[in-house]
Amino acid sequence: MPNVRPSRAKKRTLTFAALGLAPALVAGGLLVGGTDILDSDVGLAADSPVTLIGHGHGHGRGLGQWGAYGYAKKGWSADQILRHYYGNTTAGKVGKPDVTVSLSEKKSVSVHAAAGMRVGGQTVAPGQAVSLSGGNATITRGCGGAVVKTVRAAQVDPINTSPNRPANELLTFCAGDEAYRGSIGLDSSGVINKLHVDDYVKGVIPKESMPSWADSGGLEALKAQAVAARSYVLAGLEQGRKMDNTQSSQMYHGARGEDPRTSRAADATAGQIRLLNGKPALTEFSASTGGYTAGGAFPAVVDAGDSISPTHNWKATVSAASIASAFGVGSLKSFEVSEANGLGDGSGRAVKVRVVGTNRTVEATGDQARTKLQLKSDWFSVQGQKSMPKIVKPKVGPEAPGGGGLLDLSPLGEVLNKVVPGLSALGTPDDIDSMAGQIQPLIQKLIEEGTKAFDAKATALERPVNRERSDNSQGSTGTVSAPELITDGHGVQGLVQVLENGVLYFSPLTGAHALFGGALTDYLEKGGLEKLGYPNRDGLR
C-alpha cells in the first residue's frame, strides 16, 4: 500500500505460488501457504489515494470473450476455443430444446403478428391482437380495438412454433413494437417468452458479444459464444434457476436486436452444447479474463488471446475515504490483498482483502471488493503493498490450444540436449501413452541434474549465506519444499526450490543460482521467470 512500510521485519516463508510461478505439466487444486500479513504503523489521510493495478473485466470464469476473439484471429476453431476455456467438458447435442425466459421489463402482454397467431385453441386472424390478464386472453380488432372474443389462456403462440420462422410470424408487442420468436405468456413471475433454444441464442449473441468481430476474423469466437449461450441457459433451467433477460442470466431482447452475422454463428452451431458429467454445463463467460481465467467449475487456464482486450490491463485510483466508507471501517489505516490465487501477473486475482480502519478490521472476498469499489474485476493488486498475499491456487488446466491438446515436447528436448547429448530427438506424440513414454525419462533427467546442481549450490553458499543472514536477521537457508519443475516465460524448463528466505533456480542453460533479499525482490518486481527467464548469476543481498 502507498507510503506504508512494515513496523518490524518478520520472518517470511516464501512459496512457489507467492512468487508467481506456474508448475509445468502439473494440474489440480493446490493450497499453498503464504506469508504473514504485516501490520502497518502508518495511517492514511482521509483523502489519500490508493492505486490498484488490475487486469480484465468481469468475473473471469469460463470463456473470455475478448480472448476468444483473439484466439479466433490466430486461427483457432470454435471447438478449440470451447475446449480450452471449458476444461473437462465434452461436445453434446440439445436434448430438450424449449427454454422459458422471463422478460423482466415487461409488465403486461398485448401482442399481434402479421401472419396471425393462436391462443386457447383459437386462431387469431392477421390484423387482430391478443391481451392476457387473469387467466383470460382477449382477442381484439388490432391493438386496443373492439373485443372480438375472450377465451381461457395464459399464453399466445405463433402460427408455427418451429424455430427460425420469418419476421411476419413473430409475436410483436403493441407497446414498443418489439418482436419475439416463440410464444409469449404470463406466469406467477410475470411476462415470459417460451421458445426454441436456437432462436433464443440468436437474440443473446449480439447483446453479449460484438457482431463486428465476424468482419475481422472473429466468426469462430461468435460460434463459440453461441454454444456457450445455449449451454448456459439449458444448464440454468435444469438446475432450477429462473432465467431472465438481464445480466444476472444473459442479456436477451428478442428478435429486435438480432444481427445477420451473429445469427449465422447461431445457425452454424445449431443444437450444439457443452456437457459436464453428461448434463449441460453452466458455461459462464465474461468480457475479459486479463490473461488468465479465474477457475471454478472449469480449470483455470492461460488466456493469451486476451492480449488484445482494451481492459487487459487497467489502473484505478480510489481515495482512502471511499474505501473506508465502502467497508464501514472508520478512517482507513490500511488496505491490502491478503489472499490471492497466484495465477498470472503479480499475485493473480484477489481472493481476500483486509481493510483496517480506526473502528474495525474487515476481511472480504476479492469479488466483494470489486463490487464495493466498482472495479473492473477482482484481479488487482495494491500498488506499493510490501507483504506477499497468501496464495490459494484453483485447479489449473492445460495451456495448449483446444484445452487438452497434446504437448509439444521439442523445447524440453532441445534444452536437455545441452545436459545429455542425444536427448533432443523428440517428435510430437499421437496419443497420451506415447507422450508419457517420451516425457518421463526427460523430466527425470532434468530433475536429477537440477537436484545435483542445487546440492552443490547449497553447499557452496551455506557459510556465506548464514553469515550474511546473522547480520540482518533474515533467517536461515533451510528449504520449505522439494524442487519443482517450472517453465519460464520463454519456454525453458528448469527447477525451482523455495527456501525460507530465498529461491534456488536451475535450468540446463543457466545452471543453478540463488536469489535472496533485495535481489529476489528486484527480480520478482521486474517480472521474474515470466519476463526475465532463469537468472544467470547469484544475488545474495
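These figures come from a predicted structure and were not determined experimentally.

This next bit is on the overall build of the protein chain. Scanning the protein chain for helices and strands turns up 11 helices and 29 strands. For the protein chain, the residues scored as buried account for 49% of the 541 residues in total. Restricting the contact set of the protein chain to residue pairs at least 6 apart, pairs at least 24 apart contribute 68%. Summed over all atoms, the accessible surface of the protein chain reaches about 23,700 Å², with 48% contributed by carbon and sulfur.

Attention now goes to the state of the cysteines. Enumeration according to the criterion identifies one disulfide in this entry. Paired through a disulfide, Cys 143 and Cys 174 show a sulfur-sulfur distance of 1.9 Å. With the S-S bond torsion at -75°, the cross-link from Cys 143 to Cys 174 turns out left-handed. One end of the pair, Cys 143, is in the loop between β10 (136–140) and β11 (147–152); the other, Cys 174, is in the loop between β13 (171–173) and β14 (179–180), and 31 residues separate them in sequence.

Another point: the pattern of salt bridges. One pass over the structure, following the stated rule, counts 17 salt bridges. Salt bridges sharing partners connect three or more residues here, namely Asp 79, Arg 83 and Arg 274.

The next thing to look at is the side chain of Asp 259. For Asp 259, the position within the fold is in the loop between α4 (219–238) and α5 (260–268). From its side chain, Asp 259 meets the backbone nitrogen of Arg 261 in a polar contact 2.8 Å long.

In this model, helix α3 (residues 197–208) (12 residues) spans 16 Å end to end at C-alpha, consistent with the 16 Å of a helix rising 1.5 Å per residue. For α3, the tally of buried residues reaches 11 of 12 residues, placing the bulk of the element in the interior. Listing the buried residues of α3 in full gives Val 197, Asp 198, Asp 199, Tyr 200, Val 201, Lys 202, Gly 203, Val 204, Ile 205, Pro 206 and Glu 208. On the buried face of α3, the contacting elements are α1 (65–73), β5 (98–102), β16 (190–196), α4, α5 and β19 (285–286).

Another aspect to go through is the pairing of strand β9 (residues 129–133). Sheet topology places strand β6 (residues 109–112) next to β9; four bridges connect them, and they run antiparallel. Counted as the bridge partner of Ser 110 is Ser 131 from β9. By the bridge criterion, five bridges tie β9 to β10 in an arrangement that is antiparallel. Across the sheet, the residue bridging to Leu 132 is Ala 137, located in β10. Counted along the chain from β9 to the antiparallel partner β10, the turn is two residues long, and its residue Gly 134 has a positive phi close to 55°.

Let us look at the environment of Gly 54. Residue position: Gly 54 is located in strand β2 (residues 49–54). Residues Gly 54 and Lys 315, spaced 261 residues apart in sequence, show a C-alpha to C-alpha distance of 5.8 Å. Not counting residues up to four positions away in its chain, the partners in contact with Gly 54 are His 312, Asn 313, Trp 314, Trp 379 and Phe 380.

Time to look at the packing of aromatic side chains. All chains considered together, the criterion is met by 12 aromatic pairs. On the numbers, 5.9 Å between centres and 65° between planes, the contact of Trp 66 with Tyr 69 is edge-to-face. Of the two residues, Trp 66 and Tyr 69 both sit in helix α1, three residues apart, roughly one turn of that helix. Tyr 69 shares its class with Trp 66; the two are buried. When the ring centre of Phe 173 is taken as reference, the NZ or CZ atom of Lys 106 above it lies at 4.4 Å. Its guanidinium or amino end placed over the ring of Phe 327, Lys 372 lies 5.8 Å from that ring's centre, counting from NZ or CZ.

Running from amino to carboxyl end, helix α2 (residues 78–85) crosses α4 at an angle of 55°, the nearest separation of the two axes being 8 Å. In terms of their interaxial angle, α2 and α4 are classed as oblique. In terms of crossing hand, the pair formed by α2 and α4 is right-handed. Note on element contacts: α4 touches α2 through Glu 220, Ala 221, Lys 223, Ala 224, Val 227 and Ala 228, opposite Ala 78, Ile 81 and Leu 82.

Next up on the list: the confidence of the model for the protein chain. Parts of the prediction with low pLDDT should not have their coordinates interpreted in detail. Mean pLDDT over the protein chain works out to 81, with 78% of the residues at or above the 70 mark. Low confidence marks residues 1–43, where pLDDT is under 50. Its contacts with residues over four positions away, or in another chain, come to 126 contacts.

Here we come to the sheet that holds strand β8 (residues 122–124). Overall, antiparallel pairing links the six strands, which are arranged β5-β16-β15-β12-β7-β8 in an open sheet. The open sheet has two free edges, formed respectively by β5 and β8, since each of these has just one partner strand. Neighbouring strand axes in the sheet, compared pairwise and without regard to direction, differ in orientation by 25° on average. Relative to β16, strand β15 (residues 183–187) runs antiparallel, the two sharing five bridges. Among the inter-strand pairings, Asp 187 is bridged to a residue of β16, identified as Gly 190. Against the sheet, α3 engages β5 and β16, with an angle of about 115° to β16.

About the criteria used
- Residues numbered from 1 in each chain as written.
- Predicted model: local features only at pLDDT ≥ 70, side-chain atom pairs only at ≥ 80, totals over all residues.
- Heavy atoms only, no water.
- Helix = DSSP H or I, 4+ residues; strand = E, 2+ residues; numbered from the N terminus.
- Buried < 20%, exposed > 50% of the residue type's maximum accessible area, 1.4 Å probe, protein only.
- Contact = heavy atoms within 4.5 Å.
- Areas by Shrake-Rupley, 256 points an atom, 1.4 Å probe, with all protein chains shown as cover.
- Disulfide = S-S within 2.5 Å.
- Salt bridge = Lys/Arg side-chain N within 4 Å of Asp/Glu carboxyl O.
- Polar contact = N/O pair within 3.5 Å; in protein donor to acceptor, adjacent residues only side chain to side chain.
- Expected span 1.5 Å × (residues − 1).
- Pairing = 2+ DSSP bridges.
- Phe/Tyr/Trp six-rings, centres within 6.5 Å; stacked < 30°, edge-to-face > 60°.
- Lys NZ or Arg CZ within 6 Å of the ring centre and 35° of its normal.
- Axes fitted to C-alpha atoms, helices over the stretch in contact; angles between N-to-C directions.
- Parallel < 35°, antiparallel > 145°, perpendicular 65-115°, else oblique.
- Left-handed = near helix turned anticlockwise from the far one by under 90°.
- pLDDT = per-residue confidence, 0-100.

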